[in-house]
Amino acid sequence: IVMLLLERGYQVPTGKKKKAYLLEKKLPQEKLLEVLAQARADRENGYQVMLANMKKNKKFQKEQLAEQGYTEITEVYNG
């Protein structure tokens, strides 16, 4: 039942804002620690946060995240 409701656009009333970080492969430790600190801060500010490795087809990955309710998607690169 829940899946049917979600497929039809039902939004959970108490749902948190969703934010995703897409991480480039082989990020240096310092950059990864920065992202983890930012994710922690986002969670403290009421966000549901997901960290994921960036896939080759970023466009499709972003579309999937948007379908799952992620309104903010940040790409993190080495550099």
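To keep things clear, this report deals only with the structure shown in the data block. (Residues numbered from 1 in each chain as written. Predicted model: local features only at pLDDT ≥ 70, side-chain atom pairs only at ≥ 80, totals over all residues. Heavy atoms only, no water.)

### Some thoughts on the packing of aromatic side chains
Two measures describe an aromatic ring pair: the distance that separates the ring centres and the angle between the ring planes.
Phase 1: Summed over the entire model, instances satisfying the criterion amount to zero aromatic pairs.
Phase 2: The ring centre of Y70 lies 5.3 Å from the NZ or CZ of K18, which sits over that ring.
Phase 3: Sitting above the plane of the Y47 ring, K19 keeps its charged end 5.9 Å from the centroid. (Phe/Tyr/Trp six-rings, centres within 6.5 Å; stacked < 30°, edge-to-face > 60°. Lys NZ or Arg CZ within 6 Å of the ring centre and 35° of its normal.)

### Comments concerning the environment of K25
Phase 1: Looking at the secondary structure, you find K25 in the loop between β1 (17-23) and α2 (29-44).
Phase 2: Separated by 39 residues in sequence, K25 and Q64 place their C-alpha atoms 19 Å apart. (Helix = DSSP H or I, 4+ residues; strand = E, 2+ residues; numbered from the N terminus.)

### Structural notes on unusual backbone geometry
Phase 1: Despite not being glycine, K26 has its phi angle at roughly 60°, a positive value.
Phase 2: Mapped onto the elements of the fold, K26 is located in the loop between β1 and α2.

### What about the side chain of D42?
Phase 1: Of note, D42 is situated in helix α2.
Phase 2: Note on D42: relative accessible area 5%, which makes it buried.
Phase 3: At 3.3 Å, the side chain of D42 and the side chain of K19 are in polar contact.
Phase 4: When near neighbours in sequence (up to four residues on either side) are disregarded, D42 contacts K19, Y21, Y47 and V49. (Buried < 20%, exposed > 50% of the residue type's maximum accessible area, 1.4 Å probe, protein only. Polar contact = N/O pair within 3.5 Å; in protein donor to acceptor, adjacent residues only side chain to side chain. Contact = heavy atoms within 4.5 Å.)

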